[in-house]
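Analysis of the macromolecular model
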Number of protein chains: 2
Amino acid sequence: MVTKAHPPVLRELVQRLTKLPGIGEKSATRMAMFLLKAPDDYVHGLAENLERLKREIRTCPVCFHFTDGSLCGLCADPSRKTGELCVVETSADLLAIEESGAYRGRYHVLQGALAPLDGIGPNDLRIPELLKRLEQEKIREVILATNPTGDGEATANYLAKLLEKRPVRVSRIASGIPMGGDVKYADKVTLERALQGRRHVQ
Amino acid sequence: MVTKAHPPVLRELVQRLTKLPGIGEKSATRMAMFLLKAPDDYVHGLAENLERLKREIRTCPVCFHFTDGSLCGLCADPSRKTGELCVVETSADLLAIEESGAYRGRYHVLQGALAPLDGIGPNDLRIPELLKRLEQEKIREVILATNPTGDGEATANYLAKLLEKRPVRVSRIASGIPMGGDVKYADKVTLERALQGRRHVQ
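Residues numbered from 1 in each chain as written. Chains lettered and ligands numbered in written order. Predicted model: local features only at pLDDT ≥ 70, side-chain atom pairs only at ≥ 80, totals over all residues. Heavy atoms only, no water.

**Focus: empty space enclosed by the protein**
Here is the rule we go by: Space inside and on the surface of the protein is sampled on a 1 Å grid over the protein atoms alone, with a cavity defined as a set of points where a 1.4 Å probe fits but cannot get out and a pocket as an open set with protein on both sides within 12 Å along at least 5 of 7 lines; lining residues have an atom within 4 Å of a point. Grid points are joined across faces, edges and corners, and a volume is the space filled by probe spheres set on the points. Numbered from the N terminus, helices here are DSSP runs of H or I no shorter than four residues, and strands are runs of E no shorter than two. In this classification, the charged set is Asp, Glu, Lys and Arg, the nonpolar set is Ala, Val, Leu, Ile, Met, Phe, Trp, Tyr, Cys and Pro, and all remaining amino acids, among them Gly, are polar.
Under the defined criterion, the tally for this structure stands at 2 cavities of 30 Å³ or more. Looking at the largest cavity, the residues that line it are Leu17, Leu20, Leu35, Leu46 and Leu50 of chain A together with Leu13, Leu17, Leu20, Leu35, Leu46 and Leu50 of chain B. At the level of elements, α3 (40-56) of chain A together with α1 (8-18) and α3 (40-56) of chain B are the ones that each hand at least two residues to the lining of the largest cavity. The class makeup of the residues in the lining of the largest cavity is 11 nonpolar, no polar and no charged. Space inside the second largest cavity adds up to approximately 30 Å³. In terms of residue class, the lining of the second largest cavity is made up of 4 nonpolar, 1 polar and 1 charged.

**What about the pattern of salt bridges?**
Operational definition: Within this document, salt bridges are pairs made up of a side-chain nitrogen of Lys or Arg and a carboxyl oxygen of Asp or Glu, the two lying within 4 Å of each other.
One pass over the full model with this rule turns up 23 salt bridges over all chains. Among the ionic pairs, Glu137 of chain A bridges to Arg133 of chain A, the shortest N-O distance being 2.6 Å. Across the pair Glu56 of chain B and Arg52 of chain B runs a salt bridge, and its minimum N-O distance is 2.9 Å. Of this pair, Glu56 of chain B and Arg52 of chain B both sit in helix α3, 4 residues apart, which is roughly one turn of the helix.

**A look at the domain arrangement of chain A**
How we decide: Where each domain starts and ends follows an automatic or database-derived domain assignment.
You can read the domains of chain A as domain 1 (8-56) and domain 2 (66-174). The C-alpha centroid of domain 2 of chain A is placed 34 Å from the C-alpha centroid of domain 1 of chain A.

**Topic: the sheet that holds strand β3 (residues 84-88) of chain A**
Residue and element names in this part refer to chain A. Where we set the bar: When DSSP finds two or more bridges between a pair of strands, those strands are recorded as paired. Axis lines are fitted through C-alpha atoms, for helices just across the contact stretch, and the angle between N-to-C directions can take any value from 0 to 180 degrees. Contacts are assigned to residue pairs with any non-hydrogen atoms lying within 4.5 Å of each other.
Within the open sheet, the 4 strands sit side by side as β4-β3-β5-β6. Their pairing is parallel. Single-partner strands in this sheet number two, and they are β4 (106-109) and β6 (169-172). Adjacent strand axes in the sheet meet at a mean angle of 25° when their direction is disregarded. For β3 and strand β5 (residues 141-144), the ladder comprises 4 bridges, and the chain directions are parallel. When the sheet's bridge partners are listed, Cys86 is paired in β5 with Ile143. Along the sheet, helix α5 (residues 127-136) makes contact with β3, β4 and β5, crossing β4 at roughly 155°. Where helix α6 (residues 150-163) meets the sheet, it contacts β3, β5 and β6, and its direction lies at approximately 165° from that of β6.

**A short note on the packing of aromatic side chains**
In plain terms, the rule: The criterion for an aromatic pair is that two Phe, Tyr or Trp rings (for Trp, the six-membered ring) have centres within 6.5 Å, with stacked assigned to planes under 30 degrees apart, edge-to-face to planes over 60 apart and tilted to the rest.
Tallied over the full model, the rule gives 4 aromatic pairs over all chains. A ring pair is formed by Tyr103 of chain A and Tyr107 of chain A, whose centres lie 5.1 Å apart and whose planes are at 70°; its orientation type is edge-to-face.

**Here's the deal with the nonpolar core**
Our working definition: Here, nonpolar core means buried Ala, Val, Leu, Ile, Met, Phe, Trp, Tyr and Cys residues that are tied together by side-chain atoms lying within 4.5 Å of each other. Note on exposure labels: buried denotes an accessible area under 20% of the residue type's maximum, exposed denotes more than 50%, and partly exposed covers the range between, all computed with a 1.4 Å probe on protein chains only.
Ranked by size, the top nonpolar core spans 76 residues in total, and within it Leu35 of chain A together with Leu35 of chain B carry the most contacts. In this structure, Leu35 of chain B is in contact with Leu20, Leu50, Leu53 and Lys54 of chain A together with Leu13, Leu17, Tyr42, Val43 and Leu46 of chain B, ignoring residues within four places of it in sequence. In this structure, Ile127, Ile139, Leu163 and Val168 of chain B belong to the second largest nonpolar core, which totals 16 residues.

**A short note on the relation of the copies chain A and chain B**
The test is simple: Least-squares fitting of one copy onto the other uses the C-alpha atoms of those residues that reach a pLDDT of at least 70 in both copies.
Take chain A, turn it by 180°, move it 0.1 Å along the axis, and it overlays chain B with an RMSD of 0.1 Å. These values place the two chain copies in the arrangement generated by a two-fold rotation axis. When each C-alpha of chain A is compared by its distance to the rotation axis, Ala47 of chain A comes out closest, at 2.1 Å. With an isologous cut-off of 70% or more, the 98% of interface residues of chain A that recur at the interface of chain B puts this contact in the isologous class.

**A look at the packing of α3 of chain A against α3 of chain B**
Put simply, the rule is: Note on angle classes: values under 35 degrees are labelled roughly parallel, values over 145 roughly antiparallel, values of 65 to 115 roughly perpendicular, and the remainder oblique. Crossing handedness follows the turn of the near helix against the far one: under a right angle anticlockwise gives a left-handed crossing, and clockwise gives a right-handed one.
Between α3 of chain A and α3 of chain B, the shortest axis-to-axis distance is 9 Å and the interhelical angle comes to 165°. Overall, the two elements α3 of chain A and α3 of chain B adopt an arrangement that is roughly antiparallel. For the crossing formed where α3 of chain A meets α3 of chain B, the hand is left-handed. Contacts between α3 of chain A and α3 of chain B involve Asp40, Val43, His44, Leu46, Ala47, Leu50, Glu51 and Lys54 of chain A from the former and Asp40, Val43, His44, Leu46, Ala47, Leu50, Glu51 and Lys54 of chain B from the latter. Across the contact of α3 of chain A with α3 of chain B, the residue classes tally to 8 nonpolar, 2 polar and 6 charged.

**Thoughts on the interface of chain A and chain B**
Note the threshold: Buried surface area refers to the total accessible area, computed with a probe of radius 1.4 Å, that the two partners give up upon joining, counted for both partners together. Polar contacts, as counted here, are pairs of nitrogen or oxygen atoms within 3.5 Å of one another; within protein the pair requires one atom able to donate a hydrogen and one able to accept it, and residues that are adjacent in sequence qualify only if both atoms are side-chain atoms.
On the side of chain B, 57 residues touch chain A, which itself brings 57 residues to the contact. Of the roughly 5,300 Å² buried where chain A meets chain B, counting both sides, 70% is carbon and sulfur surface. Between chain A and chain B we count 1 salt bridge in total. Lys54 of chain B serves as the salt-bridge partner of Asp40 of chain A, at 4.0 Å between the closest nitrogen and oxygen. The tally of links between chain A and chain B comes to 16 residue pairs in polar contact (both at pLDDT 80 or more). Listed by contribution, the elements that provide at least two residues to the side of chain A that touches chain B are α1 (8-18), α2 (25-37), α3, β2 (66-67) and α4 (91-100) of chain A. With 14 residues, α3 of chain A is the largest single contributor of residues to the side of chain A that touches chain B.

**Digging into the packing of α1 of chain A against α2 of chain A**
Residues and elements named next belong to chain A. It is the contact of α1 with α2, at a shortest axis distance of 8 Å, that shows an interaxial angle of 130°. Here α2 runs oblique to α1, going by the angle between their axes. As α1 runs across α2, the sense of the crossing is right-handed. On α2, the residues touching Leu10, Leu13, Val14, Leu17 and Thr18 of α1 are Glu25, Ala28, Thr29, Met31, Ala32, Met33, Leu35 and Leu36. Tallied by class, the residues present in the contact of α1 with α2 amount to 10 nonpolar, 2 polar and 1 charged.

This is the structure:
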């Protein structure tokens with residue numbers, strides 16, 4: 001509860017911070033207290049970042065990741081391998097893969113997953129653009145890195161089917177027990193996938 | 001790790017958000033993604049709140065809570081009981097008590113606790129101002145609501161001693177098992193306090 005003890009600007013700030021993902025009122029109040037004491041430079045810089053975010057960030061016309069130029073940093077990077085596309089649902093997924101350092105090719109951000117119940121069909125995603133890229137960029141392999149959830153799996157299956165007849169290798173990222181995880185705590189579906197995806201070691 | 005896949009403004013935003021209390025890089029990235037998609041109004045409003053926070057918020061000259069006017073909302077409120085002061089370490093503590101609705105008197109924010117090892121002595125806190133208020137406002141009761149931590153307890157003890165000879169009742173908020181808590185999980189010191197502070201019920 002934001003009370004009369006909060007001056008209006010602080011009340012507004014706490015209310016707005018509460019809308020951020022994962023932030024409840026306690027955390028929002030804690031952040032506001034921190035911001036009250038934080039150096040002017042920092043708070044001013046944060047405010048400026050927010051304004052610039054909306055003004056400068058747009059979508060890359062090639063891969064649909066976000067960018068502040070015409071092409072995104074990844075599409076514009078000549079050191080990235082061509083001929084290989086990693087298809088993800090969102091820019092957040094792309095960033096997670098980038099942070100792992102495990103992939104050096106190009107990406108394609110679908111900007112969502114198929115969700116027929118929510119009325120999201122193939123034409124609501126960047127699938128037509130994906131098909132165009134396959135030819136234009138002479139893609140040899142498409143890695144389906146949508147999430148292993150209901151919608152993500154459905155999207156991967158749909159794309160696999162769609163690309164079946166094209167001269168392109170289609171692969172799906174592995175599902176299984178996460179590294180550091182514990183077999184006895186894994187859910188049934190994950191265990192099933194881990195077993196199905198077993199690999200010879202000798 | 002913030003990578004080349006982040007445009008500079010986004011990289012800066014994530015780095016600044018990571019400085020907020022309780023926010024790691026994953027949460028900061030999640031917030032940034034949310035802000036990218038959030039309505040312009042919301043992001044602009046948040047930026048404006050941040051700028052105004054630094055411009056408008058100052059310290060109440062009476063109780064040292066923060067305010068956007070000359071007196072804070074609580075000191076300016078004629079419906080608050082006079083003659084009673086609740087002494088807290090910080091404005092955040094004041095807000096928590098206000099939210100409980102359990103107190104209708106006036107406050108005094110010390111702006112910290114005694115911490116000799118960090119070089120924080122009585123004159124670094126708003127203790128001289130507290131003594132002045134006792135006379136000016138004809139205070140009958142001082143409730144010591146500093147935290148039940150090492151520094152908070154020391155501060156409460158120091159103030160109790162300081163006020164010993166004055167014609168004012170001094171009380172300390174109770175420590176014990178929190179409501180909804182569990183005796184078997186309470187730590188030793190809390191249990192000791194809960195027993196010491198036991199009250200007759202019949």
